[in-house]
Amino acid sequence: MFNSNPDLTSIQRSDFARDFRWGSSTSSYQIEGAAREDGRGESIWDRFCALPGNIRDGSNGDVACDHYHRWPEDLDLACSLGSNAYRFSIAWPRIFPQGRGKTPNQAGLDYYSRLVDGMLERGLEPWVTLYHWDLPQALQDQGGWANRDTIDAFVEYADVVSGHLGDRIKHWITHNEPWCTAFHGNYEGVHAPGIRNFKTALQVCHNVLVSHGQAIPVIRRNVPDARIGAALSLHPLQPASESMQDAAATRRHDGLRNRWFLDPLYGRGYPEDIWNLLGESAPVVQEGDLATIAAPTDFLGVNYYFPEIVADAPGVGSMSTRVVETKDVERTAFGWEVSPDGMVRLLNRVSRDYRPTEIYITENGSTYDDVVTESGSIEDTQRRSYLIRHLQATKKIVDMGVPVKGYFAWSLLDNFEWAEGYIRRFGLTHVNFETQQRTLKASGEWYRAFLGGTL
Ligand code: FCB
């Protein structure tokens with residue numbers, strides 16, 4: 001158990017190895033804005049946001065944090081925190097406005113080139129994500145990730161980006177959270193492209209995994225010293241009761257949420273127990289695909305937010321399971337349970353079952369209803385407590401021998417939180433979306449003192 005009111009000095013940067021990576025994460029669509037500048041093409045998120053009802057506050061990423069123009073200030077901020085790394089993503093429609101083509105959009109490449117130079121000048125090691133959900137709409141018009149041609153398009157895009165930026169970027173994340181790409185986007189329909197079809201979602205999932213595996217040798221060819229991985233959203237699970245039914249339900253839930261990704265990435269193919277439940281929804285798998293997906297990686301990125309408690313629920317959802325909302329547990333404004341213990345359990349399990357050589361916590365963070373005081377400060381003590389406890393948990397995991405080598409807080413800035421629009425703020429920095437003014441919150445101040453060794 002981690003004390004929910006932790007001492008501010010209970011954890012220190014010096015508790016970790018000197019080369020531990022410390023940073024924050026962002027993604028292109030959530031912060032960049034400049035949606036129609038310098039030849040950027042339409043993405044599935046532009047299209048999705050334009051349909052009434054899809055985004056809670058009716059907003060979109062047209063302007064977002066205006067990071068496209070304000071990146072020097074934002075990188076200054078990341079640097080001022082004392083980070084030695086920064087995770088960001090590339091908007092594919094800035095590189096290939098139509099998804100693919102003979103020549104990439106030079107203005108898009110130049111933008112990211114400047115951005116990466118800006119990171120290096122500030123001592124921030126660039127950790128790039130190639131796909132953080134903003135697929136070019138032109139590819140969606142041809143079936144999106146459910147169409148195998150999108151795999152080829154992704155590999156071409158990965159080739160161009162690694163060819164242009166690989167002299168300066170050494171850390172490559174192919175995909176962010178394939179579970180969300182597949183299931184939020186194509187089964188639940190709550191993310192772009194807003195499709196609700198289980199079979200489509202499973203094919204999307206498979207094609208995304210194949211594209212990860214196919215991109216790896218291409219990136220390695222362009223960047224011989226590249227370190228490559230994927231960032232998965234993973235959840236520790238517990239059954240709602242001691243019944244056999246709930247235990248079996250938890251195993252099924254785990255099968256689709258966690259093992260469906262980890263097993264093939266680590267060379268075991270798709271978990272048979274789940275495959276057998278899919279019937280005609282099972283994806284089309286071509287010969288060689290599983291070997292492709294299992295291409296060796298250098299690290300596993302884990303995005304950790306919350307645990308889930310699972311009950312058997314015949315006929316509910318794709319796996320006849322239900323996530324139980326227990327009372328009396330601490331939750332963020334999103335309703336996500338706060339559980340640093342869950343992170344300890346999760347990373348131990350992943351390490352024990354799959355033996356990745358290195359693990360990076362590529363996202364971890366929380367949303368609360370921040371209040372700006374009259375003096376202009378944001379006293380987000382809950383977010384600060386969340387951060388401290390998850391760093392305590394990180395230390396505990398390291399001490400247990402799990403090879404966790406870095407931590408990236410989600411997020412550097414308040415930003416466009418997908419279907420929640422601007423309602424949910426996850427930043428260590430407050431953004432006033434009218435003036436674009438940035439103000440470091442109490443949580444950010446704490447992170448700065450922690451990283452600067454001045455707690
Ligand atoms: C993750 C996403 C990230 C952000 C956080 C809150 O699932 O990767 O973009 O939205 O959740």
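The coordinates are above.
Caption draft 1: Spotlight on empty space enclosed by the protein. Counted by the stated rule, this structure contains five cavities of 30 Å³ or more. Along the wall of the largest cavity there are 16 residues; nearest its centre are Ile44, Thr181, Asn186, Ala192 and Pro193. For the lining of the largest cavity, the element with the highest residue contribution is helix α8 (residues 178–186), accounting for three residues. When grouped by side-chain class, the residues that make up the lining of the largest cavity number ten nonpolar, six polar and no charged. In this structure, the second largest cavity is lined by Asn364, Gly365, Ser366, Arg383, Tyr386, Leu387, Tyr407, Ala409, Trp410, Ser411, Phe426 and Leu428. Mapped onto the lining of the second largest cavity, the elements with two or more residues apiece are α14 (381–399) and β11 (404–410). Here the residues of the lining of the second largest cavity are counted per class, giving seven nonpolar, four polar and one charged.

Caption draft 2: Structural context of the pairing of strand β8 (residues 308–312). Burial runs high along β8: four of the five residues are buried. Pairing between strand β6 (residues 237–239) and β8: three bridges, direction parallel. The partner of Leu237 across the bridge, within β8, is Glu308. With three bridges joining them, β8 and strand β9 (residues 321–323) adopt antiparallel strand pairing. What sits directly across from Val310, in β9, is Val323.

Caption draft 3: The site of the ligand, seen in detail. Near the ligand the following residues occur: Gln30, His132, Trp133, Asn176, Glu177, Tyr305, Glu363, Trp410, Glu417, Trp418 and Phe426. His132 has a polar side-chain atom sitting 2.9 Å from an oxygen atom of the ligand. Glu363 is positioned such that a nitrogen or oxygen atom in its side chain is 3.0 Å from an oxygen atom of the ligand. Relative to its unbound accessible area of 290 Å², the ligand is 95% covered by the protein chains. With respect to the pocket detection grid, the ligand is positioned in the largest pocket.

Caption draft 4: Expanded view of the sheet that holds β9. The mixed open sheet is built from three strands, whose spatial order is β6-β8-β9. Here the strands that pair on one side only, and so sit at the sheet edges, are β6 and β9. When the angles between neighbouring strand axes are averaged without regard to direction, this sheet yields 35 degrees. In this fold helix α10 (residues 244–265) packs onto β6, β8 and β9, with an angle of close to 125 degrees to the strand it touches most, β8.

Caption draft 5: Here's a closer look at the side chain of Thr367. With respect to the helices and strands, the residue Thr367 is situated in the loop between β10 (359–363) and α14. The class of Thr367 is buried, set by a relative accessible area of 1%. Only 2.9 Å separates the side chain of Thr367 from the backbone oxygen of Arg425, close enough to count as a polar contact. Sequence-distant contacts of Thr367, that is, excluding residues within four places in its chain, are made with Thr332, Ala333, Phe334, Arg383, Arg424, Arg425 and Phe426.

Caption draft 6: Inspection of unusual backbone geometry at higher detail. With an omega of 10 degrees, the peptide bond between Ala192 and Pro193 qualifies as cis. Its place among the elements puts Pro193 in the loop between α8 and α9 (198–222). Look at the link from Trp410 to Ser411: it is a cis peptide, with omega at 10 degrees. Relative to the elements of secondary structure, Ser411 occurs in the loop between β11 and β12 (429–432). The backbone phi angle of Trp418 is positive, close to 45 degrees, even though this residue is not glycine.

Caption draft 7: Seen up close, the packing of α10 against helix α13 (residues 340–354). At a minimum axis distance of 12 Å, the contact between α10 and α13 shows a crossing angle of 45 degrees. Taken together, the axes of α10 and α13 are oblique relative to one another. Note on packing geometry: the crossing formed by α10 with α13 is right-handed. Listed contacts from α13 to Asp254, Asn258, Arg259, Leu262 and Asp263 of α10 are Arg349, Val350 and Tyr354. Per-class residue counts for the contact of α10 with α13 are three nonpolar, one polar and four charged.

Caption draft 8: Structural view of α10. The end-to-end C-alpha distance of α10, which contains 22 residues, comes to 29 Å, matching closely the 32 Å that a straight helix rising 1.5 Å per residue would cover. Helix geometry: α10 is bent most strongly at Arg259, by close to 55 degrees. Of all 22 residues in α10, 17 are buried, a share of seventy percent or more. Gly267 sits one or two residues past α10 and shows a positive phi near 80 degrees.

Caption draft 9: Representation of the layout of surface pockets. There is about 1,100 Å³ of room inside the largest pocket. Residue lining of the largest pocket: 48 residues in total, with Trp179, His184, Glu188, Arg257 and Phe306 positioned closest to the centre. When residues of the lining of the largest pocket are traced back to their parent elements, those giving at least two are α8, α10, β8 and β9. Counted by class, the lining of the largest pocket contains 22 nonpolar, 15 polar and eleven charged residues.

Calculation rules
- Residues numbered from 1 in each chain as written.
- Predicted model: local features only at pLDDT ≥ 70, side-chain atom pairs only at ≥ 80, totals over all residues.
- Heavy atoms only, no water.
- 1 Å grid on protein atoms, 1.4 Å probe; cavity = no way out; pocket = protein on both sides within 12 Å on 5 of 7 lines; lining within 4 Å.
- Points joined across faces, edges and corners; volume = space filled by probe spheres on them.
- Helix = DSSP H or I, 4+ residues; strand = E, 2+ residues; numbered from the N terminus.
- Nonpolar A, V, L, I, M, F, W, Y, C, P; charged D, E, K, R; others polar.
- Buried < 20%, exposed > 50% of the residue type's maximum accessible area, 1.4 Å probe, protein only.
- Pairing = 2+ DSSP bridges.
- Near = heavy atom within 4 Å.
- Polar contact = N/O pair within 3.5 Å; in protein donor to acceptor, adjacent residues only side chain to side chain.
- Areas by Shrake-Rupley, 256 points an atom, 1.4 Å probe, with all protein chains shown as cover.
- Sits in = over half its atoms within 2 Å of the grid points.
- Axes fitted to C-alpha atoms, helices over the stretch in contact; angles between N-to-C directions.
- Contact = heavy atoms within 4.5 Å.
- Parallel < 35°, antiparallel > 145°, perpendicular 65-115°, else oblique.
- Left-handed = near helix turned anticlockwise from the far one by under 90°.
- Expected span 1.5 Å × (residues − 1).
- Bend = angle between axes of the 7 residues up to and from the residue.

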